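# A closer look at the structure
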Amino acid sequence: MINNSNENALMDDANSPELNQKLMGYISEDFIKVADQLKEASYQIRKRGFSDNPIFVVTNNELELGVLLIDATELANNYTYRASYMQEFVERKLIGEESVLLFQENYKNADEFCCLFALIGDFSGFVFVPYPED
């Protein structure tokens, strides 16, 4: 995960071991059900030139961030997935202007990993989950 601090700077702790393993298990279990759709959406976002850094918001709350991609229970999943990208996070000050380079440096290969911004319970942060191999 990469946390967003009060100073709007990102910390370099992608997928930190402190991440609640139980929560990561829930996210991974749900992710498998929607991975193909997220991978295709990531490809389309990049191919069409919207962003090189797609971000998918995963939440169990009502949220106006990004656009709805997969609703909860749509594919037997538990969470809602919304498609967004780095620039929207910068515009909404979820990623500080001074942290853009750091975010891009920590952003993993979008063909292999899905960048999730999880807002579940008390947890909020970035998680990079590998797409399942075909």
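Report on the accompanying structure. (Residues numbered from 1 in each chain as written. Predicted model: local features only at pLDDT ≥ 70, side-chain atom pairs only at ≥ 80, totals over all residues. Heavy atoms only, no water.)

## Digging into the packing of aromatic side chains
Which entries qualify depends on this criterion: Ring pairs shown here join Phe, Tyr and Trp side chains whose ring centres sit within 6.5 Å, with only the six-membered ring taken for Trp; geometry is labelled stacked below 30 degrees between planes, edge-to-face above 60, and tilted in between. Only DSSP runs of H or I reaching four residues or more are called helices, and only runs of E reaching two or more are called strands; each is numbered from the N terminus. Only protein chains enter the area calculation, which uses a 1.4 Å probe; residues under 20% of their type maximum are buried, those over 50% are exposed, and those in between are partly exposed. Note on geometry: a ring has a charge over it if NZ (lysine) or CZ (arginine) is within 6 Å of the ring centre and within 35 degrees of the ring normal.
What the rule picks out here adds up to seven aromatic pairs. Between phenylalanine 31 and tyrosine 131, the aromatic rings sit 5.9 Å apart at their centres with planes inclined by 35°, giving tilted as the arrangement. Placement of the pair is phenylalanine 31 in helix α1 (residues 21-47) and tyrosine 131 in the segment after β5 (123-130), with a sequence separation of 100 residues. The two residues phenylalanine 31 and tyrosine 131 agree in class, both being buried. Ring geometry for phenylalanine 103 and tyrosine 107: centres 5.8 Å apart, planes at 55°, overall tilted. There is no split in this pair, since phenylalanine 103 and tyrosine 107 are both buried. Three or more aromatic residues joined by ring pairs make a cluster, and in this case those are Phe89, Phe103, Tyr107, Phe117, Phe126 and Phe128. Lying over the aromatic face of phenylalanine 113, lysine 108 brings its terminal NZ or CZ to 5.1 Å of the ring centre.

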